[in-house]
Amino acid sequence: MREWARASRPGLERPAIVAPHSAHPALNKAAHYLGLDVRRVPVGPDYRADPAAIAAAVDSRTIGLYASAPAYSLGVIDPIADLARLAADRGLWLHVDACVGGILGPFVRELGYPVPPFAFDCDGVTSVSADLHKSGFAAKPASAILFRSEAHRDYARYTFDDWPSGTYSGLTFTGTRPGGAIAAAWAAFQFLGREGYRGLAAASMRARAAIETGLRERIPGVRIHGEPPLYAFAWAAEGVSMGRVAAAMAREGWVAGRTTSPDGIHVMATPVHERYAADYAEAAARAVEAARSGDSTGTARAAYN
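Residues numbered from 1 in each chain as written. Predicted model: local features only at pLDDT ≥ 70, side-chain atom pairs only at ≥ 80, totals over all residues. Heavy atoms only, no water.

Together, Tyr158, Phe160, Trp163 and Tyr168 make up a nonpolar patch on the protein surface, roughly 450 Å² of accessible area in all. Owing to a relative accessible area of 45%, Trp163 belongs among the partly exposed residues under this scheme. (Patch = residues over 30% accessible without salt bridge, like charges linked within 9 Å, V, L, I, M, F, W, Y side chains within 5 Å. Areas by Shrake-Rupley, 256 points an atom, 1.4 Å probe, with all protein chains shown as cover. Salt bridge = Lys/Arg side-chain N within 4 Å of Asp/Glu carboxyl O. Buried < 20%, exposed > 50% of the residue type's maximum accessible area, 1.4 Å probe, protein only.)

At the junction of Ala69 and Pro70, the peptide bond is cis and its omega measures out at 0° in the coordinates. By the secondary structure assignment, Pro70 is in the loop between β3 (62-68) and α4 (80-90). Look at the link from Ser261 to Pro262: it is a cis peptide, with omega at 5°. For Pro262, the location among the structural elements is in the loop between β11 (257-260) and β12 (263-268). Unusually for a residue other than glycine, Arg14 sits at a positive phi of about 50°. (Helix = DSSP H or I, 4+ residues; strand = E, 2+ residues; numbered from the N terminus.)

We now examine the pairing of β11. Relative to β12, β11 runs antiparallel, the two sharing four bridges. Along β12, the bridge assignment pairs Gly257 with His266. Between β11 and the antiparallel strand that follows it, β12, lie two residues. (Pairing = 2+ DSSP bridges.)

If you walk across this open sheet you meet the four strands as β9-β10-β12-β11, and the pairing is antiparallel. Unpaired on one side and paired on the other, β9 (222-224) and β11 mark the two borders of the sheet. In this sheet, neighbouring strand axes are inclined to one another by 35° on average, regardless of whether the strands run parallel or antiparallel. In this structure, strand β10 (residues 232-237) lies alongside β12, joined through four bridges in antiparallel fashion. Within the sheet, the bridge partner assigned to Ala234 lies in β12 and is His266. Here helix α8 (residues 242-250) sits on the sheet and contacts β10, β11 and β12; the angle it forms with β12, its principal contact strand, is near 45°. (Axes fitted to C-alpha atoms, helices over the stretch in contact; angles between N-to-C directions. Contact = heavy atoms within 4.5 Å.)

What follows deals with the nonpolar core. With 45 residues, the main nonpolar core has Leu65, Ile80, Leu94, Val96, Val125 and Tyr231 as its most contacted residues. Sorting elements by how many residues they give to this core places helix α7 (residues 180-218) first, with seven residues. Filtering out sequence-adjacent residues up to four positions away, Val96 remains in contact with Ala67, Ala69, Ile80, Phe118, Val125, Ser127, Val128 and Ser129. Within the second largest apolar cluster, 27 residues are counted, among which are Ile211, Ile219, Ala236 and Ala290. (Core = buried A, V, L, I, M, F, W, Y, C linked by side-chain atoms within 4.5 Å.)

Moving on, we come to the packing of aromatic side chains. What the rule picks out here adds up to six aromatic pairs. With 6.3 Å between their ring centres and 80° between their planes, Trp93 and Phe147 make a pair best called edge-to-face. Here the residue Trp93 occupies a position in strand β4 (residues 93-97), and Phe147 occupies one in strand β6 (residues 143-147), the gap between them amounting to 54 residues. Judged by centre distance (5.6 Å) and plane angle (20°), the rings of Phe107 and Tyr197 are stacked. Taken together, the positions of Phe107 in helix α5 (residues 105-110) and Tyr197 in helix α7 put the pair 90 residues apart, joining distant regions of the chain. Taking the relative accessible area as the measure of exposure, Tyr197 reaches 3% and is therefore buried. One aromatic cluster is present, formed by Trp4, Trp93 and Phe147 through successive ring pairs. (Phe/Tyr/Trp six-rings, centres within 6.5 Å; stacked < 30°, edge-to-face > 60°.)

Read across the open sheet, the six strands follow the order β2-β1-β3-β4-β5-β6; overall the sheet is mixed. Two strands in the sheet have a free side with no partner beyond their single neighbour: β2 (37-41) and β6. The sheet shows a mean angle of 20° between the axes of neighbouring strands, direction not considered. Relative to β6, strand β5 (residues 127-131) runs antiparallel, the two being bridged by five bridges. Each bridged residue has a counterpart across the sheet, and for Ala130 the counterpart in β6 is Ala144. Across the sheet, helix α2 (residues 25-34) is in contact with β1 (16-20), β2 and β3; its angle to β2 comes to roughly 155°.

Let's shift gears to the pattern of salt bridges. Opposite charge on two side chains lets them pair, provided their charged atoms get close. Throughout the structure, instances matching the rule amount to 20 salt bridges. Across the pair Arg6 and Glu3 runs a salt bridge, and its minimum N-O distance is 3.0 Å. In this pair, Arg6 and Glu3 both sit in helix α1 (residues 2-8), three residues apart, roughly one turn of the helix. Classification of Glu3 as partly exposed rests on a relative accessible area of 30%. The closest approach of N and O atoms between Arg286 and Glu252, which form a salt bridge, is 2.8 Å. Of this pair, Arg286 sits in helix α9 (residues 277-293) while Glu252 sits in the loop between α8 and β11; the two residues are 34 residues apart in sequence, bridging distant segments of the chain.

Take a look at the structure:
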């Protein structure tokens, strides 16, 4: 994105990217290394990127926009089609972080779930990233980035030709790359195929539904933040600190990822979790009761009993 902007807007100093507050921290990390600024703007009441707020933050230094499909913390998908139109109208690069949903998300849609368009089917999307080691079920580390055109991809290339061995040219930061993860990702794709990924998508969505249903049945005042369409979501219970709930769950051996804005507990449902959905919901209910009762020293199970 930076090199593309340099080619079209020479002399631009300290380019900026506009992103919703929900954007992954890796965006700021990359911008820090590459001499860019990131302007994070508040999300809308549905916790998704607010196109109006994004548009208002665009100025003469802006070179691109960022959106998530889905955002890691809450599992919501930003309004990619609206942001793509904005990017096209303003002549900006739009990158979609589909690291969580890029591989399995389309198969969830094929199963009949309402997953909105988030990739190159939206005119105005320039690049899409997807982690093969997340919903592609490949070994770490294996990630992919796709570009709308070969011309866009070539802006990622670094070339150096003043060398006794000839021209050195590459598309990634690393030079020599281990091939094991690449081979493992290829093997996973060949083994699973489209039917395999549909099966994983179905099991992930069943696991998410079972966990969510269990939470609603066992915990008064439980709520899901936003309307996440895939297998990732975050939940909270009214009138209690979810930090205390997470601590109570940890005392029973459950690793409960936190969200802080809004306060909640993060769940990334996979086929592995389907068989444990009821156990998770029961442990969560005990933890909520423990937190509400003020028990900060005993186990959640003891407070429940």
